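Observations on chain architecture
As a plain string of letters, each chain reads:
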Amino acid sequence: MILKYDVIVVGGGHAGCEAACASANMGAKTCLVTMDMNKIAQMSCNPAIGGIAKGQIVREIDALGGQMGLVTDATSIQFRMLNVGKGPAVWSPRAQCDRGKFIWQWRKHLDETENLEIWQDQADELIVEDGKAIGVKTIWGAEIYAKCVVITAGTFLNGLMHIGRKMVAGGRIAEPAVANFTESITRHGVTSARMKTGTPVRIDKRSVHFEDMEIQPGENRKYQFSYMDKTGALKQLPCWTVNTNEEVHKILNSGLCDSPLYNGQIQSIGPRYCPSIETKLVTFPDRDKHPLFLEPEGEDTNEMYLNGFSSSLPMDVQIEALKKIPAFRDIKVYRPGYAIEYDFFDPTQLNHSLESKIISGLFMAGQVNGTTGYEEAGGQGTLAGINAALKAGCAGSESSFDPFVLHRDEAYIGVLIDDLVTKGVDEPYRMFTSRAEYRILLRQDDADARLTEKSYNLGLAKRDRYDWWMEKKQAIEEIESFCQNFAIKPRLINSALEALGTTPLQFGCKLVDLVNRPQLNLSNLSEVIPQLKEVLNRPSNRKEEIAEAAEIRMKYKGYIERERIVADKMHRLENIKIRGHFNYEELQGLSTECRQKLTKIDPETLAQASRIPGVSPSDINVLLVLMGR
């Protein structure tokens, strides 16, 4: 059988689903190839979306017209805003989701997407002709051809699972590994390596003594990920916390000789920021306890996820250790934790569009690029899908491909992709707010301000998203304008200011001056200024979100403007194109390490070159002088 499309997406995980939807919504006839249509966007590890910096990425996906935020809101069973004790630059939304309903909600979105078809099969070979990816062959003999191919195979490429000394080939528990496909790519000059990740034990909640645990409820305020005015209706459930103890550690330590991480069985690198419980014991031998979080898998299931107990120790060691925690003394498990090794491809071989520098028309996204996390995968998938559709000529001429690229001051997705293609990875990459130098510009509250108009102009974000953003933008500006112009008289407000714990006024001022005080905000000021309350109540929906966005813009205006000036200066280096101008090996004014790194990565711009490890400021100055010549 021969099938023909504009874009093929291989893999139905978080990267693949976003890539397929983005491509199809831009008008490309798209085929999503997945091994199991009943496990679309499976949350293989933690059934949660968002977190530190990850929540910002989900909001960016949503602002671009992606689906992850909408699916999360429809299936959320607990929502929390992290880091609210710090500045808004690092506030990060996180939602616990119903794992099963998440899959079917994603399936619904895919089924309703025009131009998108699903083919249930396993990719076996990438078809390449004259240095260009033109399709894939499957294990059942189908040949699927397209102008562009997006690879989002997750942990399935030559996947190998470990529990103790037992090893089983697989891409995920009870699912087969994909052999041969990696080799069909690397034979064309693309390099691959191995990485490792893991997942914890799953517990039957009927065997848990919750009276011996501490409850962790969600937020009372109704937050949501998507900027669109749609909310979920699932029952909100709590999570629970508990600690390990010295007895637990003793049993776990006794099994280290059979741990694949420490007996030489696993050679690849695991995620630094989500370590296994055995890694915690080895790294922090003086700690007598480690926190664990018991999280529900859904509304209607007894299955629970034990966050913090990722492990590949023998199953009897895992279970016996957990029984030493009072809350788990009668524990029953559905399955133990396990580790998995898989192939990934060096991301420095990609352009910022996520297209391969080696094979034209081949795009890669997600864990195959060395990242970890659903959100990082979804962000890459969105950009890969957009650029595959553009490359296929679905928004203009195929011969004049102008890639859609996000810069580091425009989105966390831009930071993520720039880090990958510029610096590469030597361990699974996870996004943090600390990786972004322009955090105050990349807040979770303003992703729509940064990205919706860009996406609408591309043809990805639809009219309803654009109209809602314009309505929201107008409402925010109206609140700001009111606060900047409304005069405050001391005699009318001083008693209220003292009651709110702030200094009374000696002279009149504008309302914005009061908003900027740390003790005050639009909410408590609206209780004493009726005119402000009227302005805040004018938007037809999402009033709290709009007021919060306006307040942040006013309170942090100076910081925002200062960071924008710094970002604009960096853009000058972004505008200096250096690819193709130099043979770096002949530039003796550069350090040896610099010449090697520049030759390997071949950066597009001087700004990208400045971010490559091993390239010093003096090396950049040499290139600036040479560009001047």
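See the structure printed just above.
First, a word on what this report is: a plain description of the structure on this page. (Residues numbered from 1 in each chain as written. Predicted model: local features only at pLDDT ≥ 70, side-chain atom pairs only at ≥ 80, totals over all residues. Heavy atoms only, no water.)

Take the packing of helix α6 (residues 246–254) against helix α8 (residues 315–322) next. Taken N-terminus to C-terminus, the directions of α6 and α8 make an angle of 170 degrees; their axes are 8 Å apart at the nearest point. The pairing of α6 with α8 is recorded here as roughly antiparallel in orientation. Of the residues in α8, those in contact with V248, I251 and L252 of α6 are V317, E320 and A321. Taken together, the residues of the contact of α6 with α8 sort by class into five nonpolar, no polar and one charged. (Axes fitted to C-alpha atoms, helices over the stretch in contact; angles between N-to-C directions. Helix = DSSP H or I, 4+ residues; strand = E, 2+ residues; numbered from the N terminus. Parallel < 35°, antiparallel > 145°, perpendicular 65-115°, else oblique. Contact = heavy atoms within 4.5 Å. Nonpolar A, V, L, I, M, F, W, Y, C, P; charged D, E, K, R; others polar.)

A positive phi angle, close to 55 degrees, is found at A41, a residue other than glycine. By the element assignment, A41 lies in the loop between β3 (30–34) and β4 (48–50). Positive phi, normally seen in glycine, also occurs at N115, with a value near 70 degrees. By the element assignment, N115 lies in the loop between α4 (99–111) and β7 (116–120).

Time to look at helix α11 (residues 447–458). Between its terminal C-alpha atoms α11 stretches 16 Å, which fits the 16 Å expected from 12 residues at 1.5 Å a residue. Immediately beyond the C-terminal end of α11, within one or two residues, lies G459, with a positive phi of roughly 100 degrees. (Expected span 1.5 Å × (residues − 1).)

Quick look at the packing of helix α1 (residues 14–25) against helix α9 (residues 374–391) now. Relative orientation of the contacting elements α1 and α9 amounts to 30 degrees, with a least axis distance of 7 Å. The angle between α1 and α9 falls in the class roughly parallel. The handedness of the crossing between α1 and α9 comes out as right-handed. Two secondary-structure elements touch here, α1 through H14, A15, E18, A19, A22 and S23 and α9 through Y374, A377, G378, G381, T382, G385, I386 and A389. A per-class count over the contact of α1 with α9 returns seven nonpolar, six polar and one charged. (Left-handed = near helix turned anticlockwise from the far one by under 90°.)

Bringing the pattern of salt bridges into the picture now. Considering all chains together, one arrives at 49 salt bridges under this definition. The salt bridge partner of K101 is E299, with a shortest N-O separation of 3.5 Å. With a gap of 198 residues between them, K101 in helix α4 and E299 in the loop between β17 (291–296) and β18 (303–310) connect regions that are remote in the sequence. In this structure K101 comes out as partly exposed when scored by relative accessible area, which is 30%. A relative accessible area of 25% means that E299 is categorised as partly exposed. Between E574 and R611 there is a salt bridge, with its nearest N and O atoms 3.2 Å apart. (Salt bridge = Lys/Arg side-chain N within 4 Å of Asp/Glu carboxyl O. Buried < 20%, exposed > 50% of the residue type's maximum accessible area, 1.4 Å probe, protein only.)

One recurring pattern in soluble globular proteins is that nonpolar side chains are buried together. L126, I151, C483, L511 and L514 are the most contacted members of the largest nonpolar core, which has 130 residues in total. Take this core: its biggest share by element is eight residues, from α9. Every residue in contact with C483, bar those within four places of it in the chain, is listed here: K510, L511, V512, V515, L522, L532 and M554. Grouped together as the second largest cluster of nonpolar side chains are 24 residues, M213, V248, F309 and A327 included. (Core = buried A, V, L, I, M, F, W, Y, C linked by side-chain atoms within 4.5 Å.)

Another aspect to go through is the side chain of R335. Within the secondary structure, R335 sits in strand β19 (residues 333–335). One buried charge, R335, has no salt-bridge partner; the nearest side chain with opposite charge is E303, at 5.3 Å. Among all residues touching R335, those that are not within four sequence positions of it are S44, I173, T199, P200, V201 and R202. (Lys, Arg positive; Asp, Glu negative; His and termini not counted.)

This paragraph deals with the pairing of strand β9 (residues 132–138). Along β9, five of the seven residues are buried, which leaves the element largely enclosed by surrounding structure. In the sheet, strand β8 (residues 123–129) pairs with β9 via six bridges, with the strands oriented antiparallel. Within the sheet, the bridge partner assigned to E125 lies in β9 and is K137. The hairpin turn running from β8 into β9, its antiparallel successor, is two residues long, and D130 in that turn takes a positive phi close to 55 degrees. Bridge count for β9 against strand β10 (residues 143–145) is three bridges, and the pairing is antiparallel. Note that in β10 the partner of V136 across the bridge is I144. Linkage of β9 to β10, two consecutive antiparallel strands, is achieved through a turn of four residues, within which G141 is found at a positive phi near 90 degrees. (Pairing = 2+ DSSP bridges.)

Time to look at the environment of L354. Within the secondary structure layout, L354 lies in the loop between β20 (338–345) and β21 (362–364). Judged by relative accessible area, which is 0%, L354 ranks as buried. Every residue in contact with L354, bar those within four places of it in the chain, is listed here: L362, F363, M364, N369, Q380, L383, A384 and I417.

The next point concerns the packing of aromatic side chains. Under the counting rule described, the total for this entry stands at seven aromatic pairs. Between the aromatic rings of F210 and W240, the centroid separation amounts to 4.8 Å while the plane-to-plane angle is 50 degrees, which identifies the pairing as tilted. Note that F210 is positioned in the loop between β14 (192–204) and β15 (214–216) and W240 in strand β16 (residues 239–243), a separation of 30 residues in sequence. Aromatic pair F582 and Y584: ring centres 6.0 Å apart, planes at 45 degrees, arrangement tilted. Given a relative accessible area of 4%, Y584 falls into the buried group. Directly above the aromatic system of Y5 lies the positively charged group of K29, at a separation of 5.2 Å from the ring centroid. (Phe/Tyr/Trp six-rings, centres within 6.5 Å; stacked < 30°, edge-to-face > 60°. Lys NZ or Arg CZ within 6 Å of the ring centre and 35° of its normal.)

With that settled, consider the sheet that holds strand β5 (residues 76–82). In spatial order, the strands read β4-β6-β5; together these three strands make up an open sheet with antiparallel pairing. Taken across any chain shown, the strands that pair with only one partner, and hence form the sheet edges, are β4 and β5. For this sheet the average axis-to-axis angle between neighbouring strands, irrespective of direction, equals 15 degrees. In the sheet, β4 pairs with strand β6 (residues 92–97) via three bridges, with the strands oriented antiparallel.

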